[in-house]
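Residue-level structure breakdown
Residues per chain are reported as follows:
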Amino acid sequence: MDTKLLFQRIEEFDTITLFRHVSPDADALGSQFGLKQWIVDHYPNKQVYALGEERSTKSDAFPGSDYCDDVTLQNSLAIVLDTSTSERVDDQRFLSAKHILRVDHHINAENFGQEAIVADMFGATCEILGYLMMKEEKSLSAMCAQYLYSGLIADTLRFSIPTTAPRTLEVAAYLVGFGVDVAKANADNFSTSLRLFRFENYIRSNATYLEEGFAYMIINQEDYERFGLSFNEAKDKVFVLGGVDEFKAWAIFTQKETDDEGNRIYNGSLRSKNIQINDIAERYHGGGHRFACGVKGLHDEDIKNLIQELCERIG
Ligand SMILES: [Mn+2]
């Protein structure tokens, strides 16, 4: 990995726009605001914009987005974070930027932009940024380190996913050395509201278990609305089914909308203990990591077929 490229490009441009993916998670937001903070700390005269419309409700640990006009954006260096396909970039104006650099830890699905720092063995985009800063011996403010650490523990599930490496923990140690409030980062990411706690218990009580070692839950719109939740609040609950000895793989399908014919349309999150499943997800308008991926736009029939394919793979 070229550990100098990111810093060279930042040096070269006076205006820098930072982009993340739609439905941003803590790694998308942490990498975006962590990098913004770093640039602001080190180059007070550069213009830096963190862009993106969509926000989940559980993101008060991060500031709001900036506004950037089209002309300013066209003259900027666009850094696209944590996003593997161009269509998933929140704010498609990134395409008009003077130069596009991508930093991502997803499996390389599409080459877009002029340059990329892509490393799919890294657990988080925040881990990549922290690694680059560590290797180049950059100093960080406590705020910058806090953002990066938050994204790091979110995507690595507190250093418990299979790709967690000595490097992951070295990066974490490097960040914590700049004054991260570790307990706050943990609470920001993993504490839950009473509404969500009750919804999570509903999932635990009602999930279906198949003897191949697969557990799943189909959640309809009226199910999550009964708990006072929006789609965006309800869709991220796949972790609820994790950590069960009997489950080799698990999934949650959440109804996003109803099509013109009245059919329910679902997005899904798939997880696997140690069997690759992302190639299956790719056949259902999805993809992601080997053991953690998503699918979208599924009808009831698609879900049935997908479950069968997953059971054949793990059974
Ligand atoms: Mn990520």
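Note that the coordinates shown come from a computational prediction; the quantities given were computed from them, not determined experimentally. (Residues numbered from 1 in each chain as written. Predicted model: local features only at pLDDT ≥ 70, side-chain atom pairs only at ≥ 80, totals over all residues. Heavy atoms only, no water.)

**Looking at the coordination of the manganese ion**
Our working rule: Ligating atoms shown are N, O and S within 2.8 Å of the metal, or 3.2 Å for Na, K and Ca, and water is not included, meaning a site may look less than complete. We count a stretch as a helix when DSSP gives it H or I for four or more residues in a row; a strand needs E for two or more, and each element gets its number in order from the N terminus.
At this site the manganese ion is bound by Asp27 (OD), Asp82 (OD), His105 (NE2) and Asp155 (OD), with donor distances of 2.2 to 2.3 Å. Sequence spacing among the residues donating to the manganese ion works out to D-x54-D-x22-H-x49-D. On the criterion of sequence distance, the pair formed by Asp82 in the loop between strand E3 (77–81) and strand E4 (99–104) and Asp155 in helix H5 (residues 142–155) is long-range, its members being 73 residues apart.

**A look at the pairing of E3**
Residues in a regular strand point their side chains to alternate faces of the sheet. What counts, and what does not: Only protein chains enter the accessibility calculation, which uses a 1.4 Å probe; a residue is then buried when its area is under 20% of its type maximum, exposed when over 50%, and partly exposed in between. Two strands qualify as a pair provided that DSSP identifies no fewer than 2 bridges between them.
For E3, the buried fraction is high: five of the five residues fall into the buried class. Strand direction decides the pairing type here: strand E1 (residues 15–19) and E3, joined by four bridges, are parallel. Paired with Phe19 across the bridge in E3 is Val80. Bridge count for E3 against E4 is five bridges, and the pairing is parallel. In the sheet register, Leu77 faces E4, and the bridge partner there is His99.

**A short note on the sheet that holds strand E6 (residues 208–210)**
Read across the sheet, six strands follow the order E6-E7-E8-E9-E11-E10 without closing on themselves; strand pairing throughout is mixed. Of all strands in the sheet, those with a lone pairing partner are E6 and strand E10 (287–288), marking the two edges. The pairing of E6 with strand E7 (residues 214–219) spans three bridges and is antiparallel. If you follow Thr208 over to E7, its bridge partner there is Tyr216.

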